[in-house]
Amino acid sequence: MTAAERFFCADSARTRGDALAGTAPHGVVWILVEYRGGWPPNGFDGLDLDPEIKALVYAAAQAARARVLLIRRHERARIRDTTAQRWAVLRHDGTGAHRQHWGTWERDADLAGIVAGLDAPGETGRPPVVLVCTHGRHDTCCALRGRPVAAALSERLPGQVWECTHVGGDRFAASVVVAPDGVYYGGLDDTTAVTAVEEHLAGRVHAENLRGYTDLFPPQQVAVAAALRRFGPAGRHDHTVLDTVRRQEHRWSVRLASRGPGPALLDVEVSARRTPSYQLTCRGRARSSFVAYEVTAIRTGPGDPTG
């Protein structure tokens, strides 16, 4: 197969026009393990670590419903780094007081500190961590599209950016996660990534390239993205979900309270449909469908449609 004939899932998703909003995996806790060597296709699970330590970390992660990611600095920074490798527990706090707990490891046994870290309150006031998926052995598009984004962000925000393993949604590469804010961005390149992240850190989340907030479920993510698209960028916690009512099997009404631009209360109607089957990853030949969401109405009050 020639390069021109190769299948790239991100190219295919863009050709189809797959919507980004509503595609952020749910979760509010992240475990990060720095590993400067090559990453196995299955990430942390594939590392040659003490089986007892690996099982201990996984059991604690499952109990906390945490996502475990391998991380490393972008190549140029990694070559110069001779310090001990780090691990972290990041936790999203709905109040906005996000918590981080960091440690170091040199021996496998040191990773047992993650278990205690999951129970620790964590520090507040640290800047968020910017994670860029570059997991090429999991999916080709993650590497091809993620590495230039990691390079651009690392140059602009040194010390704050990490490359990471699979975060979900290969076809939305390049994907960036700001944690523990719990915000996913996708479909990025080196220019749009810098703009999206810098705006995010300045307290302005834009609808463009937003996949969703990880403490919300897909219809709620879609509703928040619709509010941002209609009324302009807002802070991470400026739109709050007050209520979600399932009208029919594939229709929801999401009520939002807003402290940002636009009305103080919004009712967003969201519908969903199951798509035909497609090949959704570069490496996976199997075809599968996905749920696509659409905003059908935004209302500021009963009988008062704004769009």
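Residues numbered from 1 in each chain as written. Predicted model: local features only at pLDDT ≥ 70, side-chain atom pairs only at ≥ 80, totals over all residues. Heavy atoms only, no water.

A few words now on unusual backbone geometry. Across the junction of A173 and A174, the peptide omega takes the value 0°, indicating a cis bond. Relative to the helices and strands, A174 is located in the loop between β6 (161-164) and β7 (176-179). Going from A179 to P180, the amide bond is cis rather than trans, its omega being 5°. Relative to the assigned elements, P180 resides in the loop between β7 and β8 (183-185). (Helix = DSSP H or I, 4+ residues; strand = E, 2+ residues; numbered from the N terminus.)

Our next topic: the confidence of the model for the protein. Overall, the predicted model of the protein reaches an average pLDDT of 93, with 95% of residues at or above 70. Predicted confidence is poor over residues 303-307, with pLDDT under 50, and the contacts of this stretch with residues over four places away or in other chains come to 10 contacts. (pLDDT = per-residue confidence, 0-100. Contact = heavy atoms within 4.5 Å.)

Time to look at the side chain of T134. Relative to the helices and strands, T134 resides in the loop between β5 (129-133) and α5 (140-156). A polar atom in the side chain of T134 sits 3.1 Å from the side chain of E163. When near neighbours in sequence (up to four residues on either side) are disregarded, T134 contacts W39, R72, C142, A143, G146, R147, A150, E163 and C164. (Polar contact = N/O pair within 3.5 Å; in protein donor to acceptor, adjacent residues only side chain to side chain.)

Note on terminology: a disulfide is the covalent bond linking the sulfur atoms of two cysteines. Scanning the entire structure with this criterion turns up zero disulfides. With no disulfide partner, C9 has as its closest neighbouring cysteine sulfur the one in C282, 3.6 Å distant. As a non-bridged cysteine, C142 has C133 as the owner of its nearest cysteine sulfur, 3.7 Å distant. A relative accessible area of 3% places C142 in the buried class. (Disulfide = S-S within 2.5 Å. Buried < 20%, exposed > 50% of the residue type's maximum accessible area, 1.4 Å probe, protein only.)

Attention shifts here to the pairing of strand β1 (residues 29-34). Burial analysis of β1 places six of its six residues in the buried class, which makes it a mostly covered element. Burial along β1 is two-sided: the face carrying V29, I31 and V33 and the face carrying W30, L32 and E34 are both buried. Two strands pair when backbone bridges link them, and β1 and strand β3 (residues 85-91) are joined in this way by five bridges, in the antiparallel orientation. When the sheet's bridge partners are listed, W30 is paired in β3 with L90. Here five bridges tie β1 to strand β2 (residues 67-72), and the two strands are oriented parallel to one another. Residue L32 lies in a different strand from β2, and its bridge partner there is L69. In this region the chain leaves β1, passes through helix α2 (residues 51-64) and returns to the parallel neighbour β2; the handedness of that crossover is right-handed. (Pairing = 2+ DSSP bridges. Right-handed = clockwise from strand over helix to strand, strands pointing away.)

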